[in-house]
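Okay, here's what each chain looks like letter by letter:
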Amino acid sequence: MEHQVMPKKKKKKWKHWLPLYLMGIPGMAYLLINNYIPLYGLQIAFKKFNFNKGIWGSKWVGFDNFEYLFTSVQAFRITRNTLLYNLAFILLGMVLGVTVAILINEIVGEKIKKFYQTVILLPYLMSMVIIAYLVYAYLSPTNGLFNSILNTFGIEDINWYGEKKYWPFILVFVNQWKNIGFGMIFYLSSILGISKDYYEAAQIDGATKWQQIRKITIPLLAPTIITLLIISMGQIFRSDFGLFYQIPMRQGSLMPVTDTIDTFVYRSLMQKPNMAMSSAAGFYQSVVGFILIVTVNAIVRKKSKENAMF
Amino acid sequence: MKNMKKFLALLLALILVVSMTACGKSADKSGETGAQATKAPSTDGQTESLINFDEEPYEVAIENVTLGQEYADTAAVEAAINAITVPAINCKVKIVNYHIADHATKVSLAVAGGDKLDLINTGLTTALSTLVSDGVVISLDELLAERGKELLAKAVNLVKATTVDGEVYAVPASLYPSKANGIGYNQQMADEYGITIPENVTLEQLTAIGAKLKAANPDLYLNTQGDGSLTSLNVYYDLEAFGGDLNYGVIFDPLNSTSIVNAYESEQYKEYCKVFKNWKDLGYIPADSLTNGQNGQDVFNAGQTLYQWISVSPTSEQVVAGKGLSFTETLVPITPNELSTAAVQEFAWGITSSCDRPDKAMDFLNFLYTNAEVANLLQYGIEGTHYVKVSDNIITYPEGVNPMSIGYGRIFTQFGDTLQQFQLAPATESYYDDLKAFAAEAKPTKTLGYVFNTDNVATEIAAVASVVSEYRPVLETGMSDNVDATLAEFNAALKDAGIEKIISENQAQLDAWLAEQ
């Protein structure tokens, strides 16, 4: 951009854009206050935080605060669970989100379309605590719906909150049920942005609905899909605390498959709150997320430059 | 574009510098005021002469830890207290009501720079040693010697339990803190089914009682462990846990022993888990308490269980009287009446490091423990509105008022010297003698005054806490199918997490402390 603008014209350009910059000030201030200034506090992760001495005056302790994340026996388990669940959530969320968006887009009736959209989005607006009790209504060991159904078929009760083998499916299902509506909105808005001309031309050429979806909709959705994928990669080391903490009702026997980094940190520091150690966990998650975003973006850039974010 | 970048960089740098100096300032603050406090004149030793009546009255913010009541009349109580304290010690009071569930977080936030908060309940939700090593509370040695003489005289035998590294960091809020652990049972329910619960009841006897109760009414339960997050091992066995929820090792029989062992490996723990497993199989405790979200107290208060565990002392009887239950709760001790570090620290006052005037906070604290009128106001509110007199010193709730709807009250926090204060019925005038007798017969544990400093094993403590939250609730609610196998797995995981390092560190510190005594 700079080589296009001659140095003399620069001043004029600056004035020209000034209203736009002014408009941007609230947003910039928000970013600065909310996302940049708190970076100052990151040093807590490397300190033995003392309220009396303040952030700056506390003693440096190197990586001591990170130790509990890696030395514990559960270190492997929490890392595996966090990564695999998030991968499943991201991939399934992508496939289901695109599918549902395409299906909704194919509905002709405006009213019924709005109705489906709202119904699918509704769970996204619910609190995890409420969802936990919805799930409990189905799985309760004493009067749950599933056990009553099983009983009518002569099958014995299943202790849902004691058997860990069912939980990967339950958690993935709950996550998708809750979040699919939100992902769908992104994809649907992109689909609506695709020019109708393509489809008309395809129809004239005799393309079937399936061919239209495969050859027009999906390729044109690709930039949105990739952008969302890169963004979600940054979150891969963070787990949805509400999902993993509330839905399994904190059952110890389920923890081998429900314990993630966030729930582990919460349980570890519940009894003896330690700001430095919890910041260390957050810092670690951010660093891994940052590395992943840069890596995935680099891969995307290599494959198709125009789809990369930066 | 380039100018813009420069401008942004400059702005960022500026903000960083400003925020750093701001933090620097707050760090220095306590040092300055500490100096002020020591500069105050102390010519003839009288507390009154230390008070400067020429300045504006300082407002001391004091905590009241509750179960979430809003207490609409807080301002009226403050006004009534100010009418006494401003002429006497030139000091106003602001009552800050905190829910006990948020207490630890609220205190951290307040001290890190949020709400104004001067006097806090140490030990109630966060161990005193943690508050000291995190710099949340300040040393009170000089303040007590200068401005808290009367208070110090009353608490002189107890402050050794609030001493960390040779300095006093808190003052006992309850001046008679000795207690036994035991159970409180529903007297009406017991009478109905012909059940009597003797003192020092054993788990075996309780199993027999459970059988009787279940035979008489299958809808009732003996007890419930709730979601299993709180252990009750210390109810059935006499032990010292160093405020570590069993995770720092324990001393069984702390009146005679000083050897710290791993509670989870003990025979006592195995027996305890097996009893609860048995009770669950027999239906004496609810089979779904892990997931149904009800805590033991609520179930007991609703009259669905025969007993709950509770500390047993005259002070505890007052807490029960303040609960407004629809039935009589009778307290039965199981462990001996002991005075331990934990008992003293559980209710204690500390001054925060964010307090602007520690001297005034100490003035107020000293006044609170010498002036019965202020103590009664903080503890019970205003006469006629929040309580009515039954006899000279015994009070009760006015008609139509209960502890949940009352305009002002207290739940966890103890304000003032119990012997100078009114007491709630059904206590009678003999309460004061009973309390003195109870305090006199309390036996000090061998570790009274010892505080475990956890700084060196913070990593292990975090790892152990997460293992415990995984296995212990299953074991203690009787939900494990095979107690021996689960316990073995649990102990193996604890070893990997480093529980042995915590215990040996604790023992080493205790031995060093014992050698000094």
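Note that the coordinates shown come from a computational prediction; the quantities given were computed from them, not determined experimentally.

1. Details of the interface of chain A and chain B
Between chain A and chain B, the residue contacts involve 44 residues of the former and 45 residues of the latter. In terms of surface lost to chain B, no three residues of chain A exceed A:Phe51, A:Gln271 and A:Lys272, which account for 19% of the buried area on that side. Inspection of the chain A/chain B interface yields two salt bridges. Between B:Glu470 and A:Arg77 there is a salt bridge, with its nearest N and O atoms 2.7 Å apart. For the pair chain A and chain B, the interface holds ten residue pairs in polar contact (both at pLDDT 80 or more).

2. Section: the domain arrangement of chain B
Where interface size is given, it is often the accessible area lost as the parts come together that is meant. Residues and elements named next belong to chain B. As far as domains go, chain B holds domain 1 (45–177 + 341–427) and domain 2 (180–336 + 454–516). Distance from the C-alpha centre of domain 1 to the C-alpha centre of domain 2: 30 Å. If you look at the interface, domain 1 gives twelve residues, while domain 2 gives nine residues. Across the interface of domain 1 and domain 2, roughly 820 Å² is buried in total on both sides, 45% from carbon and sulfur atoms. The interface formed by domain 1 and domain 2 contains zero salt bridges. Seen at the junction of domain 1 and domain 2, the total is two residue pairs in polar contact (both at pLDDT 80 or more). Partitioned by chemical class, the residues of the side of domain 1 that touches domain 2 number nine nonpolar, two polar and one charged.

3. Details of the sheet that holds strand S10 (residues 307–312) of chain B
All names here are of chain B. A sheet is described by the order of its strands in space; here three strands give the open sequence S10-S7-S11, paired in antiparallel fashion. Each having just a single partner strand, S10 and strand S11 (329–333) make up the two edges of the open sheet. The average angle at which neighbouring strand axes cross in this sheet is 35 degrees, direction not considered. Examined bridge by bridge, strand S7 (residues 180–186) and S11 share five bridges and lie antiparallel to one another. Across the sheet, residue tyrosine 185 finds its bridge partner in S11, namely threonine 330.

4. Observations regarding the packing of helix H11 (residues 267–282) of chain B against helix H18 (residues 458–476) of chain B
Residue and element names in this part refer to chain B. Interaxial distance between H11 and H18 falls to 8 Å at its minimum, and their mutual angle equals 55 degrees. For the element pair H11 / H18, the angle class is oblique. From H11, Tyr269, Tyr272, Cys273 and Phe276 reach across to H18, where they touch Arg472, Leu475 and Glu476. Here the contact of H11 with H18 is built from residues that sort into five nonpolar, no polar and two charged.

5. Digging into the domain arrangement of chain A
Residues and elements named next belong to chain A. Here chain A is partitioned into domain 1 (15–62) and domain 2 (66–307). Computed from C-alpha coordinates alone, the two centres of domain 1 and domain 2 are separated by 30 Å. If you look at the interface, domain 1 gives seven residues, while domain 2 gives six residues. Interface area for domain 1 against domain 2, summed over the two sides, is near 560 Å², with a carbon-plus-sulfur share of 87%. The largest per-residue losses of area from domain 1 upon contact with domain 2 belong to Ile44, Ala45 and Phe46, which jointly make up 58% of the total buried on that side. At the junction of domain 1 and domain 2, the tally comes to zero salt bridges. Taken together, the links from domain 1 to domain 2 amount to zero residue pairs in polar contact (both at pLDDT 80 or more).

6. Focus: helix H20 (residues 499–516) of chain B
Compared with the 26 Å implied by 1.5 Å per residue over 18 residues, the 26 Å span of H20(B) between its first and last C-alpha is a close match. Those residues of H20(B) that are buried are in contact with strand S9 (251–252), H18 and helix H19 (483–497) of chain B.

7. Topic: the pattern of salt bridges
For the structure on display, the rule yields 21 salt bridges over all chains. We note a salt bridge from A:Lys48 to B:Asp455, for which the minimum N-O separation is 4.0 Å. A residue pair is termed interchain when its members come from two chains, as with A:Lys48 in strand S1 (residues 47–48) and B:Asp455 in the loop between strand S17 (443–444) and H18. With relative accessibility at 33%, the residue B:Asp455 sits in the partly exposed group. For B:Glu265, the salt bridge goes to B:Lys495, with nearest N and O atoms at 2.7 Å. On the criterion of sequence distance, the pair formed by B:Glu265 in the loop between S9 and H11 and B:Lys495 in helix H19 is long-range, its members being 230 residues apart. Within the structure, one salt-bridge network assembled from shared partners comprises A:Arg77, A:Asp259, A:Arg267 and B:Glu470.

8. Here we look at the pairing of S7(B)
Residue and element names in this part refer to chain B. Within S7, seven of the seven residues are buried, which leaves it mostly tucked inside the rest of the structure. Alignment of S7 against S10, held across six bridges, turns out to be antiparallel. Residue pairing across strands places isoleucine 183 opposite tryptophan 309, the latter belonging to S10.

Parameters at a glance
- Residues numbered from 1 in each chain as written.
- Chains lettered and ligands numbered in written order.
- Predicted model: local features only at pLDDT ≥ 70, side-chain atom pairs only at ≥ 80, totals over all residues.
- Heavy atoms only, no water.
- Contact = heavy atoms within 4.5 Å.
- Buried area = accessible area lost by both parts, 1.4 Å probe.
- Salt bridge = Lys/Arg side-chain N within 4 Å of Asp/Glu carboxyl O.
- Polar contact = N/O pair within 3.5 Å; in protein donor to acceptor, adjacent residues only side chain to side chain.
- Domains from an automatic or database assignment.
- Nonpolar A, V, L, I, M, F, W, Y, C, P; charged D, E, K, R; others polar.
- Pairing = 2+ DSSP bridges.
- Helix = DSSP H or I, 4+ residues; strand = E, 2+ residues; numbered from the N terminus.
- Axes fitted to C-alpha atoms, helices over the stretch in contact; angles between N-to-C directions.
- Parallel < 35°, antiparallel > 145°, perpendicular 65-115°, else oblique.
- Expected span 1.5 Å × (residues − 1).
- Buried < 20%, exposed > 50% of the residue type's maximum accessible area, 1.4 Å probe, protein only.

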